[in-house]
Amino acid sequence: MRNQLALAATTALAVMLTACGGTEDESGETSAVDEVMTAEPAIDTAEDGEIDTADPVENDSADETDEPAESEAAEPEPEPASTASASPRTTPTPRPTPSQVASMEPPASFTTCGVCHSVERGENRIGPTLAGVFGRKAGSVSGANYSPAMRSADITWNEANLRRYLRDPHAVVPGGTMPNPGLDAEETQSVVNYLKTL
């Protein structure tokens with residue numbers, strides 16, 4: 001399209017210049033206008049009927065119908081980096097916060113325990129806080145008033161040890177000061193289940 005427009009403009013210019021003056025200058029040589037008029041541009045006829053010149057005329061202004069050059073085309077967005085890890089990680093179940101613990105309903109059998117023990121972290125009473133007791137080493141709460149027997153006991157409070165201790169504290173820690181809470185097997189299990197949530 002641009003080539004056709006350039007050819008038409010050149011031809012029109014040559015016709016106008018010819019109408020304004022002669023074809024030869026004073027020296028008798030053929031003018032540039034005559035050369036333009038007599039020169040035949042190399043023209044190829046495409047199969048679809050459009051005319052294409054062999055020597056296209058460049059135009060600085062882009063035709064509105066032209067597609068943008070490859071450099072002007074929008075660059076594709078980069079793909080996001082893969083964040084998949086080599087091996088899946090298991091997320092530990094989070095322990096409830098103190099406010100969540102306070103909102104949990106302790107079993108009726110825990111009433112005996114609550115006389116001497118708090119369920120809030122850092123709050124020791126006659127006995128140590130029971131917050132975080134599950135999985136904790138016996139006699140390890142800072143600032144708690146332990147008996148020498150409990151301080152020297154080599155026990156970790158897992159489910160089996162808690163059940164045994166609540167059933168008969170003096171059999172598990174001889175010389176300890178905790179009184180027997182007098183819980184049966186079902187009550188003991190309900191207290192242990194509650195302690196696991198603290």
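Residues numbered from 1 in each chain as written. Predicted model: local features only at pLDDT ≥ 70, side-chain atom pairs only at ≥ 80, totals over all residues. Heavy atoms only, no water.

K.L.:
Teacher, can you tell me more about the environment of Glu105 here?
P.N.:
Position of Glu105 relative to the elements: it lies in the loop between α3 (98-103) and α4 (111-114). Distance from Glu105 to Tyr194, taken between C-alpha atoms, is 8.8 Å for residues 89 residues apart in sequence. (Helix = DSSP H or I, 4+ residues; strand = E, 2+ residues; numbered from the N terminus.)

K.L.:
Explain helix α8 (residues 185-195) here, please?
P.N.:
Residues lying three or four places apart along an α-helix face the same way, a consequence of the helix completing one turn every 3.6 residues. Of all the residues in α8, the buried ones are Thr188, Val191, Val192, Tyr194 and Leu195. Buried residues of α8, viewed axially, fall in a sector of 160°; they line one side. Exposed and facing more than 90 degrees away from the buried side of α8 are Ala185 and Glu186. Its side-chain oxygen placed 3.1 Å from the backbone nitrogen of Glu186, Asp184 serves as the N-cap of α8. (Buried < 20%, exposed > 50% of the residue type's maximum accessible area, 1.4 Å probe, protein only. Arc of directions from axis to C-beta. Polar contact = N/O pair within 3.5 Å; in protein donor to acceptor, adjacent residues only side chain to side chain.)

K.L.:
Where do I start with the side chain of Thr188 in this structure?
P.N.:
Looking at the element boundaries, Thr188 is found in helix α8. You can call Thr188 buried: its relative accessible area is 1%. Leaving out residues up to four positions away in the same chain, Thr188 has contacts with Arg163, Leu166, Arg167 and Leu183. (Contact = heavy atoms within 4.5 Å.)

K.L.:
Just checking my understanding: could you explain the nonpolar core for this structure?
P.N.:
Across soluble globular proteins, nonpolar side chains show a tendency to be buried alongside one another. In terms of nonpolar packing, the biggest core is built from 25 residues, with Phe110, Met150, Ile155, Trp157, Val173, Val191 and Leu195 touching the most fellow members. At the level of elements, α5 (148-152), α6 (159-167) and α8 are the ones that each hand at least two residues to this core. No other element matches α8, which puts four residues into this core. Leaving out residues up to four positions away in the same chain, Met150 has contacts with Ala138, Gly139, Trp157, Tyr165 and Val173. (Core = buried A, V, L, I, M, F, W, Y, C linked by side-chain atoms within 4.5 Å.)

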